[in-house]
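Residues per chain are reported as follows:
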Amino acid sequence: MTPKTTLTDGSPVTPDHREIDPRTGMQKGYVVLSAEERAKGFVRPVRRTYRHLKCKGVTTMGQALAETYARDPYFYSGTFCAHCGTHFPVGEDGEFVWDGTDEKVGT
Ligand SMILES: [Zn+2]
């Protein structure tokens, strides 16, 4: 059976992928929907840049992550702010909007 999720580079999800790299504040790896799953179609535009409402900083993510949001807007519970150097919640009550819009990330 083909796994529904992979890491961003297409490799299998590892048990330690959520470990934080102290140099960057980012996880060792991020889970995305598999390429096969993403190819089933998007329900939102593919957007790569979002703004953190608290610090106003923008962060740009990789294509596989952006496509996962476009395929399933509710897939993630949080995302990384490159300016704050840590993760915060997404969703209706979250702290991020797609850059240039008032649309919350994760909705
Ligand atoms: Zn921030």
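Where an unreviewed UniProt entry is consulted, the protein appears under the name CENP-V/GFA domain-containing protein, with the organism given as Microvirga arsenatis.

**Student:** Please set out the coordination of the zinc ion residue by residue, giving values where relevant.
**Tutor:** Surrounding the zinc ion are the protein donor atoms His52 (ND1), Cys55 (SG), Cys81 (SG) and Cys84 (SG), at 2.0 to 2.3 Å. Each of the 4 donor atoms around the zinc ion contributes to a set of angles spanning 105 to 113°, which defines the coordination as tetrahedral.

**Student:** So what's going on with the sheet that holds strand β3 (residues 49–52)? Which residues, and what values?
**Tutor:** Overall, antiparallel pairing links the 3 strands, which are arranged β4-β3-β7 in an open sheet. At either margin of the open sheet sits one strand with a lone partner, and together these are β4 (58–60) and β7 (96–98). On average, adjacent strands in this sheet sit at an angle of 30° to one another, irrespective of strand direction. Pairing of β3 with β4 involves 3 bridges; the strand directions are antiparallel. If you follow arginine 51 over to β4, its bridge partner there is valine 58.

**Student:** If you had to explain the environment of alanine 64 to someone new, which residues and values would you point to?
**Tutor:** Residue placement: alanine 64 occurs in helix α2 (residues 63–71). Separated by 43 residues in the primary sequence, alanine 64 and aspartate 21 place their C-alpha atoms 20 Å from one another. Residues in contact with alanine 64, not counting those within four places in the same chain, are Thr8, Val32 and Arg38.

Cut-off values and rules
- For every chain, the first residue of the written sequence is number 1, and numbering continues from 1 onward in sequence order.
- Given that the model is predicted, a residue must reach a pLDDT of at least 70 before its local features are reported, and side-chain atom pairs must reach 80 or more before they are shown or counted; all residues, however, enter totals for whole chains, interfaces and linings.
- Note that the side-chain values use all heavy atoms of the structure and ignore hydrogens as well as water.
- Note that water is not among the atoms used; donors are N, O and S atoms within 2.8 Å of the metal (3.2 Å for Na, K and Ca), so sites may look incomplete.
- Any coordination sphere not matching a tetrahedral pattern (four donors, all angles between 85 and 135 degrees) or a square planar or octahedral pattern (four or six donors, opposite donors over 155 degrees apart, other angles between 65 and 115) is reported as irregular.
- Two strands qualify as a pair provided DSSP detects at least 2 bridges between them.
- Helix and strand labels come from DSSP, where a helix needs a run of H or I of at least four residues and a strand needs a run of E of at least two; each type is numbered from the N terminus.
- Every axis in this analysis is a line fitted to C-alpha atoms, fitted for helices over the stretch in contact. Angles between the N-to-C directions lie between 0 and 180 degrees.
- Whether two residues are in contact is decided by their heavy atoms: any pair within 4.5 Å suffices.

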